[in-house]
Amino acid sequence: MTSVYLDHNATTQLDSRVLAAMLPWMQTQSGNPTSRHTFGRAAREAIERARSQVAQACGAYASQVIFTATGTEANNFAIKGMAANQVARQILTSAIEHPCVTRPALAMQALGYSSQPIAVNEQGKVDLAPLKNQLKTPTALLSVMLANNETGVVQDIAEIAKLARASGALMHTDAVQGLGKMALNFTDLNVHAMTVSSHKIHGPQGAAALILDKRVDIQPLLHGGGQERGLRSGTENVAAIVGFGLACELAASNLATYQAHTQALRAQFEQGLSAIKVSIFGNQVARLSNTSFFAVDNIEGETLVMALDRQGYAVASGSACSSDSTEPSQVLLAMGVNADVARGAVRVSFSAHNTAQQVADFLAVLNNEINRLKQMTAIAA
Ligand SMILES: Cc1ncc(COP(=O)(O)O)c(C=O)c1O
């Protein structure tokens, strides 16, 4: 049985060109970038080249790129580090953020901050009117993601950043799902800080970055030898950073082709879905071209995901499994979706590697599995 990977918002396969660029830094050229000898200087140069490549893909200056190990770390750094040096004590995060944004904001409550969610509408977009109201309270930091990992819905970040700046708040955006999937320009988004991560764009796991306006007074998460301008100590993961740099360059140069290809696959897929009774979330507003998030009536998303996996298709459910129950997607609940419908949610996320034939085959398998599960439910009822 062939296996087809349709879960690219979770992670992506390493591009073979990226692997080739990384290998020397794990084998023959293993210098510490802080060392003064030839090996060290070569590693330093490789990091600086990667910094320029990341900056270019993000519409930023190289001097604004701070490498971290993961997007999770960059988000924690932004939320905790930026709020720490502000006088205001309110942190606002949208109700659909990844937990690596909401949890550090909640953790700041122990230091006397209040953490408030920002509401989204039924399509998953931030409601500007209530946000304006919330910003009347002095706010240290506002964090709204550029594109949602479940629905793919894209926010009007520049507009939200304008409101944040007018109120005196710092503005952060988690652009982990945006990088490589849509045009990205740090300057145009008008934010103070932006998170990106390597493994979502066919780069290696273990490299990410916070793009930061240098005027922002931020506290480091990690103290030590002073790497990354003293803002993120720890010996750099040279190979992963080199891979991240090249993955950024490749993603940026292929963006138009990627978007056209994934948009066509998604259209074909959602056209096929229209024959089945499903709800597609966020499809009335701008979404990432590769993402489709839908729910089938009366079938648990988790059950469907496992059934599809047995047929060789890797997709994701919107729910999180805790020890004794399946929690519906928090993103869908924030969009006002009924909990029973939300429990049925399944996410398909394409990449340039997927083909129209795979989509056609997947639709046939999906149809079969849905019919089979419905029959089982009918028998059990
Ligand atoms: C929107 C978003 N933010 C942050 C992260 C975390 O990034 P990383 O896996 O690099 O820690 C993810 C990963 O799933 C994500 O989808």
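Residues numbered from 1 in each chain as written. Predicted model: local features only at pLDDT ≥ 70, side-chain atom pairs only at ≥ 80, totals over all residues.

S.K.: Could you give an account of the site of the ligand, with specific residues and numbers?
M.R.: If you check the shell around the ligand, you find 13 residues, and the closest are Thr70, Gly71, Thr72, Asn149 and Ser197. Among the elements that line the shell around the ligand, the one with the most residues is helix 3 (residues 71-84), at 3 residues. Class assignment of the residues belonging to the shell around the ligand gives a composition of 4 nonpolar, 8 polar and 1 charged. (Near = placed C-beta within 6 Å. Helix = DSSP H or I, 4+ residues; strand = E, 2+ residues; numbered from the N terminus. Nonpolar A, V, L, I, M, F, W, Y, C, P; charged D, E, K, R; others polar.)

S.K.: Which residues make up the packing of helix 2 (residues 38-58) against helix 8 (residues 238-253), and what values go with them?
M.R.: Axis separation between helix 2 and helix 8 bottoms out at 8 Å; the angle between their running directions is 30°. It follows that helix 2 is roughly parallel to helix 8 by the angle criterion. Of the two elements, helix 2 crosses helix 8, and the hand of that crossing is left-handed. Seen from helix 2, the contacting residues are Ala43, Ala46, Ile47, Arg49, Ala50, Gln53, Val54, Gln56 and Ala57; seen from helix 8, they are Val238, Ile241, Val242, Phe244, Gly245, Leu246, Cys248, Glu249, Ala251 and Ala252. A per-class count over the contact of helix 2 with helix 8 returns 14 nonpolar, 3 polar and 2 charged. (Axes fitted to C-alpha atoms, helices over the stretch in contact; angles between N-to-C directions. Parallel < 35°, antiparallel > 145°, perpendicular 65-115°, else oblique. Left-handed = near helix turned anticlockwise from the far one by under 90°. Contact = placed C-beta atoms within 7 Å.)

S.K.: Could you give me a rundown of the sheet that holds strand 9 (residues 278-280), with the residues and numbers involved?
M.R.: Strand order in the open sheet formed by 4 strands is 9-10-15-12, with antiparallel pairing between adjacent strands. Strands with a single pairing partner mark the edges of an open sheet, and in this sheet they are strand 9 and strand 12 (316-317). Here 3 bridges tie strand 9 to strand 10 (residues 291-296), and the two strands are oriented antiparallel to one another. Paired with Ser279 across the two strands is Ala295, which belongs to strand 10. The strands that helix 9 (residues 255-273) touches are strand 9, strand 10 and strand 15 (345-349); relative to strand 10, the one it contacts most, it runs at about 10°. (Pairing = 2+ DSSP bridges.)

S.K.: Before we move on, can you summarise helix 6 (residues 157-167) with the specific residues and values?
M.R.: Considered for burial, the residues of helix 6 that qualify are Ile157, Ile160, Ala161 and Ala164. The arc that holds every buried residue of helix 6, seen down its axis, measures 100°, which confines them to one face. Residues of helix 6 that are exposed and point over 90 degrees away from its buried face: Glu159 and Ala166. On its buried face, helix 6 sits against strand 5 (139-143), strand 6 (170-174) and helix 7 (186-189). (Buried ≥ 20, exposed ≤ 12 C-beta atoms within 10 Å, placed from the backbone. Arc of directions from axis to C-beta.)

S.K.: Which residues make up the sheet that holds strand 3 (residues 90-94), and what values do they have?
M.R.: Strand order in the open sheet formed by 7 strands is 2-8-7-6-5-3-4, and the pairing between neighbours is mixed. Of all the strands in the sheet, just strand 2 (65-68) and strand 4 (114-118) have a single pairing partner and so form its edges. Taken pair by pair, the neighbouring strands of this sheet meet at an average axis angle of 20°, ignoring direction. Direction of pairing for strand 6 relative to strand 7 (residues 193-197): parallel, over a ladder of 3 bridges. Bridge pairing in strand 7 places Thr173 opposite Met194. Where helix 2 meets the sheet, its contacts fall on strand 2, strand 7 and strand 8 (208-212), and the angle it forms with strand 2 comes to roughly 115°.

S.K.: An account of the domain arrangement of the protein chain is requested, with residue identities and associated values reported.
M.R.: On domain assignment, one finds that the protein chain holds domain 1 (16-253) and domain 2 (255-380). If you average the C-alpha positions of domain 1 and of domain 2, the two centres end up 28 Å apart. Across the boundary between the two partners, domain 1 contributes 20 residues, which contact 19 residues of domain 2. Taken together, the residues of the side of domain 1 that touches domain 2 break down into 10 nonpolar, 6 polar and 4 charged. (Domains from an automatic or database assignment.)

S.K.: Could you give an account of the nonpolar core, with specific residues and numbers?
M.R.: Grouped together as the largest cluster of nonpolar side chains are 111 residues, with contacts concentrated most on Cys58, Ala209 and Ile211. A total of 12 residues in this core trace back to one element, the largest contributor, which is helix 8. Of the residues that make up this core, three or more belong to each of domain 1 (16-253) and domain 2 (255-380). When residues no more than four places from it in sequence are discounted, the contact partners of Cys58 are Leu184, Phe186, Met194, Val196 and Ile211. (Core = buried A, V, L, I, M, F, W, Y, C linked by C-beta atoms within 7 Å.)

S.K.: Talk me through helix 9; I want residue IDs and the actual numbers.
M.R.: The end-to-end C-alpha distance of helix 9 is 26 Å, a good match for the 27 Å that 19 residues give at a rise of 1.5 Å each. For helix 9, the full list of buried residues reads Tyr258, His261, Thr262, Leu265, Arg266 and Phe269. Each buried residue of helix 9 lies within a common arc of 130° when the element is viewed along its axis, so the set occupies one face. Residues of helix 9 that are exposed and point over 90 degrees away from its buried face: Ala256, Ala260 and Gln271. (Expected span 1.5 Å × (residues − 1).)

S.K.: Could you give an account of the environment of Gly152, with specific residues and numbers?
M.R.: Here Gly152 lies in the loop between strand 5 and helix 6. Here Gly152 falls in the buried class, since 28 other C-beta atoms lie within 10 Å of it. Along the primary structure Gly152 and Gly282 are separated by 130 residues, whereas in three dimensions their C-alpha atoms are 7.7 Å apart. If we ignore the near neighbours within four places in the chain, the residues touching Gly152 are Ala147, Gly282, Arg287, Leu288, Thr291 and Phe293.

S.K.: Run through the pairing of strand 10, naming residues and quoting values.
M.R.: Across the 6 residues that make up strand 10, a large majority, 6, are buried. Burial along strand 10 is two-sided: Thr291, Phe293 and Ala295 facing one way and Ser292, Phe294 and Val296 facing the other are all buried. Both strand 10 and strand 15 contribute to a ladder of 5 bridges, which runs antiparallel. Across the sheet, residue Ser292 finds its bridge partner in strand 15, namely Val348.

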